[in-house]
Every structure is written in C-alpha cells, then in structure tokens.
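Coordinates in review
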Amino acid sequence: MSRTNKLKILNDPIYGFISIPNELIYDLIEHPYFQRLRRITQMGLSYLVYPGAHHTRFHHAIGAMHIMQRAVEVLRFKDVEISSDEENALLIAILLHDIGHGPFSHAMEHSIVEEVDHESISLLFMHELNKQFDGKLSLAIQIFKGEYHRKFMLQLISSQLDMDRMDYLKRDSFYTGVAEGNINSDRLIQMMNVVDDALVMEEKGIYSVEKFLMARRLMYWQAYLHKTSLVAELILMKVLKRAKELVQKGQIPGCADNLLYFMQHKVTLENFEKPILDKFSQLDDYDIVSALKSWQFHPDYILSELSRMIVNRDLLKIKFSEDKFTKAEMDAHLEAVAAKAGISVSDAHYFVFKGKIKNQAYSKEAEPIRILKKDRTVEDVVEVSDQLSLKALSKPVTKHYICFPKHLSEK
C-alpha cells in the first residue's frame, strides 16, 4: 500500500517554494478547520478598493509559518538554543494563530459572535485539535498563551515585530499593489537575536525596523483604514445587525443554517462548546456573500438596501474630520434620510452613523521593540533611532468619520 507523501512543497508568490516540515504540520493543514481559511479573505472587503486583494487567511498562515522557520534557523545560528519540540511548537502556534477568524475577518468579529474575539476562538480550535492529535499541540498552546518560560517565543508569535505582522505587511502590499507597505522581512529576520530571554534587533538592522514601522503606518491609512473598505465593513456590520433584529421578530431572512444559528442564539465564550465550534467552522465568506445576494431582494427596506450597497459596490458616503461631527449634522442627515426613504428617524440610524478610527504604528504602552547596541546594551527603538518620525509614529492619530447616503452629500 503506497503511503501519502506528506513532505509537500507549496509555491508562494512572496517567498517562492515553502516546504511543509513534517507530517504533523501537514495533517494540521489538511484538517477541515484549517482548510476553511481558504474561504476567508485576509483583507475583508478591501477588494472593493484593490481588485487584487483576494488573498486568504490560508495564504497568510502558511507564509507566517515559513518565515518562522527562517527565524528559528537564524537564532540557532546565533547560538540561541531551540529544541526540535520548541521549533515545532512555534511553527504550529504561528500556523494556527488566525484559525479563529470568522467570515470577512474583523468586520464580523463582533457581529456573528458577540463579545468573543478571534484570538479566543483560535485557542478553542487549538484545544480541540490538541484532543484530536493526542496532545501534540500542548507546547504550542502554552507558548501561544504566554505561559511558556521562554518569553521570546511568544514575541515571535505576538509582539510589535512578530512573524504575523512581517508576513501580512509584505503579503498585503503585494496583493493590493500598495508599494509603501513592502518590507524587507529577510533583512529583519537576519538581524534578530535573543538577550536575557527577550527578542532584540541588532543595531545594524535599525533602518529596516524604521522602514517596517513606517510601512505599517502607511498600510493602515492606504489599505486597512481606506475609507471605502472601512465604510463597506461598517455597512456589513449593519446588515448583520438588521438580519439579527428581523430574526428576533420571527422574520427569518434566507441564509445558510450555520449563519442562521448565530443570528438566533447569543453565543458567549462560556457556552462556546464543541457543537458550536463545529458550526462556526462551517462559516466562511461564501455564506455571507450568498446571504447578501439573497437579502438584496428581501421585503425589509433596510436589509435589502444595505445588502444591495455591498453587492453592487454602491456604498454610503464617508467623510473624515479631525474634529467630532456635531449632533446637528447627524440630525440633519437622519431627518433627510427618514423623509426620503419613508422610514423612522430611529431606522435611519442604519444609514447615518458616526465613529472614529485610530492609527498608531508603534505603541509605547506595549512591549517595546528592543535594539541591541554594539556595546551589548539594549534600548527601545524610539530612543536609539535618529529618525524624529519614529517618535511621531508612536503618537496615536485619531480621525472622526460620518457616513450617510450619497444623495445627501450635497446638503
């Protein structure tokens, strides 16, 4: 009987050939929980702005695993001891770090499941996979939760300069064509080291770190917080809110059974048992798109109008400002929408709403990016850098926005 070859090679447009290092990782990738990531876009609705941005969480997870392999090689070369069990755990933890993302990623995070973030769901998936794989993920889970004694390992997975960010910046830049986000991940990984159990960057890599932080800021303004993808995500959240409201009233809008389940039930972390996890694992972008296509013809004006906006990319207008929008501005738009559409002012809130966004490329509150200087001392990158821009990058920039239908934009 022929045995399946599990040491496959994948061809990635960013890194070239990526090898799957062992059978356990191959089997994890083949698992239906992980295969679902092929059906979840990495950048939500950003393809409405950047037509190439159709890459998925699957691409990203495999890419992050690949650069984790490279990071382990570099650190071992610099005499940082990493056992084969630790290496495997690092690869598994980064491979599964996003497995808990729901359809359209962040847009759905608080719409389908209330008050449960994707990191918590990722952990639920990891625990379930650990049962199915006879405890072989235990060390990966320990590292992922920050409970392992070697703290630098968590920094490789989750920090201000981790493998997750290194892959998604490079990948999102490639697929959107936003060149400003392109970073030199090879150089960054080559400059890594460990001092006193903390991840550090050697001083000669400081320009690459500065470029990385600048790229992150620019990608937020040009891609992740781009006004069109932002307004599309906000509309999608309103669609789900309206659909849930109709379900509570006993009007069931046609959609996939698993999606309907999450609209009918309030799911919290406490009641997120295996049957619910399995239902969640059946949800992906296709369910949402299919529902939107159907709901644009629903008799409910709000549900149909909002769904049509996304399907036909005929979105609300969004205006940014340094200052908060006034109640008078809001009220004027609300009354105009209510009068024009023949709906109540309270229902008009589905089409007129405001909020704020924040962009901070580097946080001084979080664990710093440490630079290892030539005299072997370690300092925060902001203190070492001669770039005044880095100090600016650590200040959060807040923008206020208001959304309303386009035909009112002249008012």
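The sections below set out a description of the structure shown in this document. Keep in mind that this is a model prediction, so the values were computed, not measured. Each chain carries its own residue numbering, running from 1 in the direction its sequence is written. Two thresholds apply to this predicted model, a pLDDT of at least 70 for residue-level local features and 80 or more for giving and counting side-chain atom pairs, whereas whole-chain, interface and lining totals are computed over all residues. Heavy atoms throughout the structure, all of them, feed into the side-chain values; hydrogens and water do not.

1. Some points on the overall build of the protein
Scanning the protein for helices and strands turns up 19 helices and nine strands. A globule of 411 residues ought to have a C-alpha radius of gyration of about 22 Å, and the protein, at 23 Å, matches this closely. Seen through its principal axes, the protein has C-alpha atoms that stretch 70 × 60 × 35 Å. Here the protein holds 411 residues, and the buried ones make up 56% of them. We count a stretch as a helix when DSSP gives it H or I for four or more residues in a row; a strand needs E for two or more, and each element gets its number in order from the N terminus. Radius of gyration here is computed from C-alpha atoms only, and the compact-globule reference equals 2.2 Å multiplied by the residue count raised to the power 0.38. Throughout this description, buried means an accessible area under 20% of the type-specific maximum (1.4 Å probe, protein chains only), exposed means over 50%, and partly exposed covers the range between.

2. A few points about the sheet that holds strand β9 (residues 397-404)
Strand pairing in a sheet relies on backbone hydrogen bonds, with the paired strands running either antiparallel or parallel. At least two DSSP bridges between two strands are required for those strands to pair. If you trace the three strands from one edge of the open sheet to the other, you get β5-β9-β6, paired in antiparallel fashion. The strands lining the two open edges of the sheet, one partner per strand, are β5 (317-321) and β6 (353-359). The mean angle between the axes of side-by-side strands here comes to 30 degrees, regardless of whether they run parallel or antiparallel. Across seven bridges, the pairing between β6 and β9 is antiparallel. The residue bridging K356 from the neighbouring strand is H400, located in β9. Should any heavy atoms of two residues lie within 4.5 Å, those residues are considered in contact. Here an angle of 0 to 180 degrees is reported between the N-to-C directions of two axes, which are lines fitted to C-alpha atoms, with helices fitted over the stretch in contact. Where helix α16 (residues 327-341) meets the sheet, it contacts β5, β6 and β9, and its direction lies at approximately 25 degrees from that of β9.

3. So, the packing of helix α11 (residues 227-248) against helix α12 (residues 257-264)
Contact geometry of α11 with α12 gives a least axis separation of 9 Å together with a crossing angle of 75 degrees. When the axes of α11 and α12 are compared, the pair comes out roughly perpendicular. Facing L240, A243, K244, V247 and Q248 of α11, the residues of α12 in contact are L259, L260, F262, M263 and Q264. Considered class by class, the residues forming the contact of α11 with α12 number seven nonpolar, two polar and one charged. Oblique is the label for any angle not under 35 degrees, not over 145, and not in the 65 to 115 range, which are roughly parallel, roughly antiparallel and roughly perpendicular in turn. Throughout this entry, Asp, Glu, Lys and Arg are counted as charged residues, while Ala, Val, Leu, Ile, Met, Phe, Trp, Tyr, Cys and Pro are counted as nonpolar. The remaining residues, Gly among them, count as polar.

4. Quick notes on unusual backbone geometry
Here D134, not a glycine, exhibits a phi torsion of approximately 50 degrees, which is positive. Residue placement: D134 occurs in the loop between α5 (118-132) and α6 (138-144). Positive phi is not limited to glycine here, since D197 has a value of about 65 degrees. Tracing the backbone shows D197 in the loop between β3 (192-195) and β4 (198-202).

5. Quick word on α12
Of the positions making up α12, those classed as buried are L259, L260, Y261, F262 and M263. Buried-residue contacts for α12 involve α11, α13 (274-280) and α14 (285-295).

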